[in-house]
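Observations on chain architecture
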Amino acid sequence: MNKYRHSRREFLGLTGGGVAGLASASLLGTTAFGEAQSADADPLHADLVVFNAQVYTVDSRMPKAEAFAVKAGRFFYLGSTAQAKAFIGRGTQTFDAKQMTIVPGFIDCHNHAGGNTLLYEVMVGNPYEVEFVTIASIIDKLRSKAQKTPASFWIDGYFFDDTKVKDNRQLNVHDLDQVSKEHPVVVHHRGGHTSYYNSKALELAGLNKDTPNRMGGTYDHDENGQLNGRVTDRARDVFHNVGKRETFTAEQTEQRDRDGLAFISKQFVRYGLTSVHHEDGDLFALQQVRARGELLHRVSFETSGDILEAMINNGISSGFGDEWIRFGATSEHTADGSFSERTMALSQPYAGTHPPYSGNITETQADLNSWAERVQRAGIQPNCHANGDVAIDMVLTAYERAQQAAPRPDVRPKITHCTLINDDLLRRIKALGAVPAPFTTYAYYNSDKFHFYGEERMKRSMAYRSFFDAGIRAAAGSDFSPGPFAPLMGIQGMVTRTGWNGETWGANQRISVDEALLVNTINGAYNSHEEGIKGSIAPGKLADFVVLADDPHTMNQEKIKDIEIVRTVTGGSTVFEK
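Below is a summary of the structure that appears in this document.

Calculation notes
- Residues numbered from 1 in each chain as written.
- Predicted model: local features only at pLDDT ≥ 70, side-chain atom pairs only at ≥ 80, totals over all residues.
- Heavy atoms only, no water.
- 1 Å grid on protein atoms, 1.4 Å probe; cavity = no way out; pocket = protein on both sides within 12 Å on 5 of 7 lines; lining within 4 Å.
- Points joined across faces, edges and corners; volume = space filled by probe spheres on them.
- Helix = DSSP H or I, 4+ residues; strand = E, 2+ residues; numbered from the N terminus.
- Nonpolar A, V, L, I, M, F, W, Y, C, P; charged D, E, K, R; others polar.
- Polar contact = N/O pair within 3.5 Å; in protein donor to acceptor, adjacent residues only side chain to side chain.
- Contact = heavy atoms within 4.5 Å.
- Pairing = 2+ DSSP bridges.
- Axes fitted to C-alpha atoms, helices over the stretch in contact; angles between N-to-C directions.
- Buried < 20%, exposed > 50% of the residue type's maximum accessible area, 1.4 Å probe, protein only.
- Phe/Tyr/Trp six-rings, centres within 6.5 Å; stacked < 30°, edge-to-face > 60°.
- Expected span 1.5 Å × (residues − 1).

Looking now at the layout of surface pockets. One number sums up the size of the second largest pocket: a volume of about 660 Å³. As for the second largest pocket, its lining consists of 20 residues, and the residues nearest its centre are Asp220, Arg230, Thr353, His354 and Tyr357. Among the secondary structure elements, those contributing two or more residues to the lining of the second largest pocket are β13 (219-221) and β14 (227-232). Along the lines of polarity and charge, the residues of the lining of the second largest pocket split into seven nonpolar, nine polar and four charged.

Here it is as structure tokens:
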């Protein structure tokens, strides 16, 4: 017992202030409605009563209602306006919704949620919406940064999207040489699996046209056989320790992390997200943001590295924490490349590639097997990134082996993206009880990339219809920054399968508005074993909901993404109001 306690203290130290705050205290970080909570001691009086609404509960026991009441951060009555008003007492906040639509708070099950890049770095593309830029504008932004930066220091650009460029071509080494030849320069594709480098960066990394590709990545060439500056997946590792980078004190780093998290929390609730699965990040900063009252959304913290090791070594399993911050699955253990950047691992080569190219596998089967079993034995929900059918097969094999070696009930292993499926993969996903989190906003935002795959593949990609028909509980995974995180954009794409450019791909995978709401709410809660406390509007559940200016069920489906978020409420407290 003493040894265990010692280990737990070590764990708390490792996480920089630890997890003590996760199981403590109350719902911090809320305003408005919440200010009057519990002002009235009468147990029959609510803190908040909402009435005269079109409430879509996502609960089959009562799919629609017109009013509800909230007390101590939870729904405790659902039904008619007349009955709800009976719970109004001294200090009760009231909200006449005037027939506006109310749905449960949206849940994003895969998000790289650090806001530091948004606050502090050079944005060469739009993080939130479809916007076309020019290569000249990218060069100008980076050149401006280079002119203020000492030679030999890296110049980075973020949120580049190769199909959102007015020049209608890829960035290349010659473009980035125009930024500077004294600085290493890199532009990161928003998809997260490819980057573009200038000559200085390639030189510092010791690369030339004869450098062989690495396992899980490529050094791309132009038509003359010279390096064109594009590097994919694990081949980028050679740049990690070359050149100089700006450094920060521990205090500065903590401040940046806190400010970034507070900033992105505001963005999440602006779009109606009340729960987000964070891919790693600074756990201590997250707790500090909560303590400062600036955490406006709930967090399922998905981790790897030192914190995951500490969890395994000290008996911390998924679910430890409270209703605001808790440990969820692991962060995505990457098995292959990217859909948007055309590096995901396919069973058949990409069309028009010479020599034939089938994408990047970034992990061996043996390593996947070992990792999955170790995590499962520790009682931690495993989570793997797998886009292509080859990678999904590998991940399922690892999960199946883990379940055989260390059987556990109701594991719900996550498959992040789970993009390209077939009938056999569906069967295995269902049999295993795995929970996919496919891309949500891609059907609208990235329709300009679907022609790289063709209609036959798109009929089996982001396959929400197939998942529903197979009885698989797929959830929403925006994968921000690769995709915008706007849930309504995602719902529009799921319902129409039509992109910003008017093209429709894989129409067989369309789902209804009600099904899309399930994906973005209760299925998200199920993804993290939290369906008992959130994901629908029902008595006893956390009072997380969104007020919409229009009803996505009755309006033009091509306009769903433009519905105004009137109010976002977390735990009965308004965290965003238009």
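What follows deals with the side chain of threonine 568. Relative to the elements of secondary structure, threonine 568 occurs in strand β23 (residues 565-570). Of note is the side chain of threonine 568, whose polar atom sits 2.7 Å from the backbone oxygen of valine 269. Setting aside its immediate chain neighbours within four residues, threonine 568 contacts Val269, Gly272, Thr274, Phe545, Val546, Ser573, Thr574, Val575 and Phe576.

Moving on, we come to the sheet that holds strand β6 (residues 93-96). One open sheet holds the four strands; their spatial order is β5-β4-β1-β6, and the pairing between them is mixed. In this open sheet, the two edge strands, each paired with only one partner strand, are β5 (74-79) and β6. Here the average twist between neighbouring strands, direction ignored, is 15°. As paired strands, strand β1 (residues 48-51) and strand β4 (residues 67-71) are joined by three bridges and run antiparallel to one another. Within β4, the residue paired with valine 50 across the bridge is phenylalanine 68.

The complete set of buried residues in helix α9 (residues 305-314) reads Ile307, Leu308, Ala310, Met311, Ile312 and Asn314. The first or second residue beyond α9 is glycine 315, which carries a positive phi of 70°.

According to the stated counting rule, one finds 26 aromatic pairs in the structure shown. Plain terms: the ring middles of phenylalanine 68 and phenylalanine 75 are 5.2 Å apart, the flat faces sit at 85° to each other, and that makes the pair edge-to-face. Considered together, phenylalanine 68 and phenylalanine 75 belong to a single accessibility category, that of buried residues. Between the aromatic rings of phenylalanine 160 and tyrosine 196, the centroid separation amounts to 5.3 Å while the plane-to-plane angle is 80°, which identifies the pairing as edge-to-face.

Right, let's talk about the pairing of strand β24 (residues 573-577) for a bit. For β24, the buried fraction is high: four of the five residues fall into the buried class. The sheet contact formed by β23 and β24 spans four bridges and is antiparallel. Looking at the pairing, threonine 570 lines up with serine 573 of β24. What sits between β23 and β24 in their antiparallel hairpin is a turn of two residues, with glycine 571 showing a positive phi close to 60°.

Spanning 13 residues, helix α10 (residues 365-377) covers 18 Å between terminal C-alpha atoms, matching the ideal 18 Å at 1.5 Å per step. Tucked into the core, α10 has its buried residues touching α9, β17 (325-330), β18 (333-334), β19 (383-386) and α11 (389-405). Within two residues after α10, glycine 379 carries a phi angle of roughly 75°, on the positive side.

Coordinates in, geometry out; function isn't part of it.
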